[in-house]
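Structure at a glance
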Amino acid sequence: MDASTPSTAPSTADADVVEICRDLIRIDTTNHGGGRSVGEPEAAELCAAWMRKAGMEPELIESAPGRVSVVGRLEGWDPEAPGLVLHGHTDVVPAEPDEWTVDPFGAEFRDGMIWGRGAVDMKGMDAMILSVLVHLARTGRRPRRPVVVAFFSDEEAGGVFGAQWLVAHRPELFAGCTEAISEVGGFSTDVAGTRAYLVQTGEKGLAWLNLRAQGAPGHGSAPHTDNAVTRLAGAMERIGRHPWPLTYTKTTRQLLEEVAEITGTPFDERDPTPQLQALGHARDWVAGTLRTSSNPTGLTAGYKHNVIPSTATGTVDVRLIPGEEEQTLAELADLAGDGIEISPEHQDTGLEVPFSGDLVERMASALDAEDPGAHVLPFMLGAGTDNKSLHRLGIAGYGFSPLQLPSGLEFTRLFHGIDERVPVESLRFGCRVLEHVLEPRA
Ligand SMILES: [Zn+2]
């Protein structure tokens, strides 16, 4: 159905979500990293076409050849209300067709689900946003708050050509906005036979570090105490095996305390296992946010068996608890020890936003309207989203792509996973919830 086509059928928030989601999946928008990608301009055009149907005048912004984001603004009905950013990304991570049951870019219907790369990360949510906004236009209504709608490129490679670039070069697009809604959160999980929706209110920080050990070069046959390879290997082992302590933030503490209450298991902060076990498909994700992690991911040194090289280099992927960044990096330098130089390849800071206030209350009441009695809990993401970029403009970002999921679906494994898919009914549910959140009226 087209917005300009008169129809006697009453419009619904979910009227177009399936069509948009499938059309987006069918555009291969693989982001290979390192600046290489395909399909983003076509996906941005598709989003822009739907934004026009929703009454917006979207702007397509090309940060580099072939890297296109699209941004538009919709006025709200409450002149006092601050702006809200609704954002998604159009790129996806690569899919290896041989590993899949279906064509990753076929958007096939099967078992009540849409299958394809991007179904959950995050073309499903892109489609939900667009379907709801077109519905508002058809029914002659506006959201309460002014809304900035953005579909970014390059999220899967850190947003260098997408959200990061727009925040640095076009910050005026987000003027007046205080909060944002996007991935990854708002999905349901089973907790002790009840349904809980996890709203994402925090993201861990990231530091990709390069380590460089120096030593004296020499012949492999001679006794040698100043060996760069030995020094680096020791540093990497200490960093890789370091038992980072359990560290709770506001978000993770509140989540586990509330799960303890729902399940009737006392929360012992020295051992959160009972609460983690109760979190269903989200247990591993949440476990990953309770401590810093530091994983060695690469080693390079030497060129011949009998030559001791003067340098050895390694790479480490560190994911940090928000607020602990400085102290964690100091501790990593201690673990590395003398004679090792550490330099960041890429670094950002974690974030944590309040699980309170008007917007969070709107999310909770919207979920309650569609799924009465369900729990709504905060959680932290171990990875990052474009909300980190918007955070630099003082915009508090939430992961809220509401999906009521069938029990038994290992949803968290579908992100970047094989046979990524999303239940159609979950998308329809999400559209209804988002419509509530926007508080539309004529
Ligand atoms: Zn994503």
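The structure displayed is predicted, hence computed values, not measured ones.

About the cut-offs
- Residues numbered from 1 in each chain as written.
- Predicted model: local features only at pLDDT ≥ 70, side-chain atom pairs only at ≥ 80, totals over all residues.
- Heavy atoms only, no water.
- Donors = N, O, S within 2.8 Å, 3.2 Å for Na, K, Ca; no water.
- Tetrahedral: all angles 85-135°; square planar, octahedral: opposite > 155°, others 65-115°.
- Pairing = 2+ DSSP bridges.
- Helix = DSSP H or I, 4+ residues; strand = E, 2+ residues; numbered from the N terminus.
- Axes fitted to C-alpha atoms, helices over the stretch in contact; angles between N-to-C directions.
- Phe/Tyr/Trp six-rings, centres within 6.5 Å; stacked < 30°, edge-to-face > 60°.
- Buried < 20%, exposed > 50% of the residue type's maximum accessible area, 1.4 Å probe, protein only.
- Lys NZ or Arg CZ within 6 Å of the ring centre and 35° of its normal.
- Expected span 1.5 Å × (residues − 1).
- Contact = heavy atoms within 4.5 Å.
- Domains from an automatic or database assignment.
- Core = buried A, V, L, I, M, F, W, Y, C linked by side-chain atoms within 4.5 Å.
- Parallel < 35°, antiparallel > 145°, perpendicular 65-115°, else oblique.
- Nonpolar A, V, L, I, M, F, W, Y, C, P; charged D, E, K, R; others polar.

As a further point, take the coordination of the zinc ion. At 1.8 to 2.6 Å from the zinc ion lie its protein donor atoms, namely His89 (NE2), Asp121 (OD), Glu183 (OE) and Glu183 (OE). One can describe the donor arrangement at the zinc ion as irregular, given that its four donor atoms subtend angles of 54 to 152° at the metal.

Where strands meet in a sheet, backbone hydrogen bonds hold them as pairs that are either parallel or antiparallel. Strand order in the open sheet made by the three strands is 6-7-21, with antiparallel pairing throughout. The open sheet has two free edges, formed respectively by strand 6 (108–110) and strand 21 (421–423), since each of these has just one partner strand. Between one strand axis and the next, the sheet turns by 25° as a mean value, whatever way the strands run. Pairing analysis gives three bridges linking strand 6 to strand 7 (residues 113–115), with the strands arranged antiparallel. Its bridge partner being in strand 7, Glu108 is matched across the sheet by Trp115.

For the structure shown, the criterion picks out eight aromatic pairs. When the ring of Tyr248 is compared with that of Phe267, the centres are 5.6 Å apart and the planes differ by 90°; the resulting orientation is edge-to-face. One end of the pair, Tyr248, is in the loop between helix 5 (228–241) and helix 6 (250–263); the other, Phe267, is in the loop between helix 6 and helix 7 (273–277), and 19 residues separate them in sequence. Residue Tyr248 is classed as buried on the basis of its relative accessible area of 14%. Considering the side-chain rings of Phe411 and Phe415, the 5.3 Å spacing of their centres and the 90° angle between planes classify their relative orientation as edge-to-face. Phe415 sits in the buried class, given a relative accessible area of 15%. Every member of this aromatic cluster is reached through a ring pair, and the members are Phe187, Trp285, Phe379, Phe411 and Phe415. Directly above the aromatic system of Trp115 lies the positively charged group of Arg110, at a separation of 5.9 Å from the ring centroid.

So, on to helix 2 (residues 40–53). The terminal C-alpha atoms of helix 2, which comprises 14 residues, lie 20 Å apart, in line with the 20 Å expected from a rise of 1.5 Å per residue. Regarding helix 2, the residues found buried are Glu40, Ala43, Ala44, Leu46, Cys47, Ala48, Trp50 and Met51. On its buried face, helix 2 is in contact with helix 1 (17–26), strand 2 (36–37), strand 3 (59–64), strand 4 (67–74), helix 3 (119–138) and strand 8 (147–152). A positive phi of about 90° marks Gly55, the residue just after helix 2.

This brings us to the environment of Pro402. Considering the arrangement of structural elements, one finds Pro402 in the loop between strand 20 (396–399) and strand 21. Ignoring sequence-local partners within four residues, the contact set of Pro402 consists of Met128, Gly185, Gly186, Leu367, Ser426, Phe429, Gly430, Val433 and Leu434.

If you check the domain split of the protein, you get domain 1 (17–184 + 385–438) and domain 2 (205–245 + 292–349). If you average the C-alpha positions of domain 1 and of domain 2, the two centres end up 38 Å apart.

The subject of this paragraph is the nonpolar core. Counting 94 residues, the largest nonpolar core has Ile114, Leu133, Ile181, Phe187, Phe400 and Phe411 as its most contacted members. Broken down by element, this core gets its largest block of residues, twelve residues, from helix 3. Counting 18 residues, the second largest nonpolar core, distinct from the first, contains Ala235, Ala312, Val318 and Leu335.

Before going further, it helps to examine the packing of helix 5 against helix 9 (residues 325–336). The N-to-C vectors of helix 5 and helix 9 enclose an angle of 135°; their axes lie 8 Å apart at closest approach. If you check the angle between helix 5 and helix 9, you find them oblique. Two secondary-structure elements touch here, helix 5 through Ala235, Arg238 and Ile239 and helix 9 through Leu332, Leu335 and Ala336. Taken together, the residues of the contact of helix 5 with helix 9 break down into five nonpolar, no polar and one charged.

Bringing unusual backbone geometry into the picture now. In this chain, Asp121 is followed by Met122 through a cis amide linkage whose omega measures -15°. Here Met122 is to be found in helix 3. Glu183 connects to Val184 through a cis peptide bond whose omega is -20°. Relative to the elements of secondary structure, Val184 occurs in the loop between strand 9 (177–182) and strand 10 (187–191). For Ala192, which is not a glycine, the phi torsion comes out positive at approximately 50°. Along the chain, Ala192 turns up in the loop between strand 10 and strand 11 (194–203).

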